Amino acid sequence: MPDCSSIQRSLAWCQGRPELPGVKRRIYYISKYDILSWPTLPHDTNGRLTGSAYVGNFTLRADASWKYIDIIPDKSQLTSEPQGEYPSQTQLNKLTAVHPSVGADATAAAAYLNNNDNVFLVEDMKGAFRVVGSDKWQTKTTVNQDLGQGAAGSASTTINVEAPDECPAPFYNGAIVTDDGSFSGAAQESQSGSNTGSGNGSNSGSNSGSGSNSGSNTGGSSSGGSSSSSSPTYNNTVTINGTSVNVSGGSVSVAGPLRTLGFTGSNMIAIFLDDGDSVDEANIAANGATGSWSGNIPAGSSVDVVKWTGSEEDPVETAWFTITVTSSGSGSGSGSGSGDE
């Protein structure tokens, strides 16, 4: 007999937690022809989806890479809606990506996007990458172009994507190989609630939804979980663009662009990046043990990394270290720094 027990879980939300709307200004795409193998979505023995994050990486053909399209975030949108009938309902993921140019390069996009089965990666405002396109169903991509009207009009090339899938735009934490180099999709936000194990044990790395809680849970709690009575600690070994770097000296330099950061510690509250023009927040896992950030900060920038210490009820903003993004070469600063809190 098949195991027909429920896979349903509670869906929590912390009061006052901001949910930033919109998508970031660069999306990535590739033809399915250039994908040799796909990462997988977690399922149980009945074929029911148990998580929303892909496990593994896209394996591409030799010399193939993800291409990018710069878009206008305020005019672009990713949505998902149900389609079909019980018991065969699926999701229809829809992407509207508005590119500001109508020049020769933008016009040529219609030639290689129309009538091609593509996959798109879209980054949300918390740095999580979402996949539009599935290995099960064909992706429909169409391109509209508007040269504008009158002196007050606006020109644009709009890419519309419709892609059936098992769930709303799955998360992708794996490698993203582009013409400019490789980086990780590493999105802590996508790990939230993807455990099928009991209790609220801590997740490490990208969760496949198989219930891999660290330690055994007793009474619904696990070691390493966040506690308002425990002081946060932030380890001075930080993963920068995939490389472990000791930041205890207070400053480091890395070859640009700055793409990813990974943090570890315990009971971490918040980490912010300030490049002088804007402030971005890293994603902290619910247990406060891991954190990540992804984006694209170009060479020539200086980024101040700030952490919150104290407690969630009375947090204290503390300068941690500075990243100098160089055009070539990388190295880490030295010095005693402030150490872990």
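Everything that follows concerns the structure shown earlier in this document.
For clarity, every value in this text was computed on a predicted model and none was experimentally measured.

Caption draft 1: Summary view of the packing of aromatic side chains. In total, this model carries 13 aromatic pairs according to the counting rule given. Measuring from ring centre to ring centre gives 6.4 Å for Tyr28 and Phe129, while their planes differ by 55°; the resulting arrangement is tilted. Here Phe129 lies in strand 8 (residues 129-132) and Tyr28 lies in strand 1 (residues 26-31), a separation of 101 residues in the sequence. You can call Tyr28 buried: its relative accessible area is 3%. We classify Phe129 as buried; its relative accessible area is 1%. A centroid spacing of 5.0 Å and a plane angle of 65° characterise the contact between Phe58 and Tyr172, whose relative ring orientation is edge-to-face. Placement of Phe58 in the loop between strand 2 (35-37) and strand 3 (59-60) and of Tyr172 in strand 11 (residues 171-172) is noted, with a sequence separation of 114 residues between them. Tyr172 carries the same exposure label as Phe58, and that label is buried. Ring pairing ties together the aromatic residues Trp38, Tyr54, Phe58, Trp66 and Tyr172, which thus form one cluster. In this structure, Arg61 is placed above the aromatic ring of Tyr33, and the distance from its NZ or CZ to the ring centre is 4.1 Å. Just above the ring of Phe171 sits the side chain of Arg130; from NZ or CZ to the centre is 4.1 Å.

Caption draft 2: Highlighting the sheet that holds strand 5 (residues 77-83). Pairing in this open sheet of four strands is antiparallel, and the strands run 5-6-10-9 from one edge to the other. Two strands in the sheet have a free side with no partner beyond their single neighbour: strand 5 and strand 9 (140-146). Taken over all neighbouring pairs, the strand axes of this sheet differ in orientation by 15° on average, direction set aside.

Caption draft 3: Representation of the environment of Asp275 within the structure. Note on placement: Asp275 falls in the loop between strand 19 (271-274) and strand 20 (279-281). Residue class for Asp275 comes out partly exposed when judged on its relative accessible area of 25%. C-alpha of Asp275 to C-alpha of Ile323: the two residues are 48 residues apart in sequence and 9.2 Å apart in space. Setting aside anything within four residues of it in sequence, one finds Asp275 in contact with Ser302 and Val303.

Caption draft 4: Geometry of unusual backbone geometry. Here the bond from Tyr86 into Pro87 is cis, since omega is 0°, no more than 30 degrees from zero. Note that Pro87 resides in the loop between strand 5 and strand 6 (90-99). Residue Pro257 follows Gly256 across a cis peptide bond; omega there is 0°. Counting through the fold element by element, Pro257 comes out in the loop between strand 17 (251-255) and strand 18 (258-266). The backbone phi angle of Asn115 is positive, close to 65°, even though this residue is not glycine.

Caption draft 5: Fine view of the layout of surface pockets. Estimates place the volume of the second largest pocket at around 560 Å³. Considering the residues around the second largest pocket, the lining is formed by 25 residues, among which Lys24, Arg25, Asp280, Gly295 and Asn296 are closest to the centre. Counting residues per element, the ones that place at least two in the lining of the second largest pocket are strand 1, strand 19, strand 20 and strand 22 (290-297). The element that contributes the greatest number of residues to the lining of the second largest pocket is strand 22, accounting for four residues.

Quick notes on the rules
- Residues numbered from 1 in each chain as written.
- Predicted model: local features only at pLDDT ≥ 70, side-chain atom pairs only at ≥ 80, totals over all residues.
- Heavy atoms only, no water.
- Phe/Tyr/Trp six-rings, centres within 6.5 Å; stacked < 30°, edge-to-face > 60°.
- Helix = DSSP H or I, 4+ residues; strand = E, 2+ residues; numbered from the N terminus.
- Buried < 20%, exposed > 50% of the residue type's maximum accessible area, 1.4 Å probe, protein only.
- Lys NZ or Arg CZ within 6 Å of the ring centre and 35° of its normal.
- Pairing = 2+ DSSP bridges.
- Axes fitted to C-alpha atoms, helices over the stretch in contact; angles between N-to-C directions.
- Contact = heavy atoms within 4.5 Å.
- 1 Å grid on protein atoms, 1.4 Å probe; cavity = no way out; pocket = protein on both sides within 12 Å on 5 of 7 lines; lining within 4 Å.
- Points joined across faces, edges and corners; volume = space filled by probe spheres on them.

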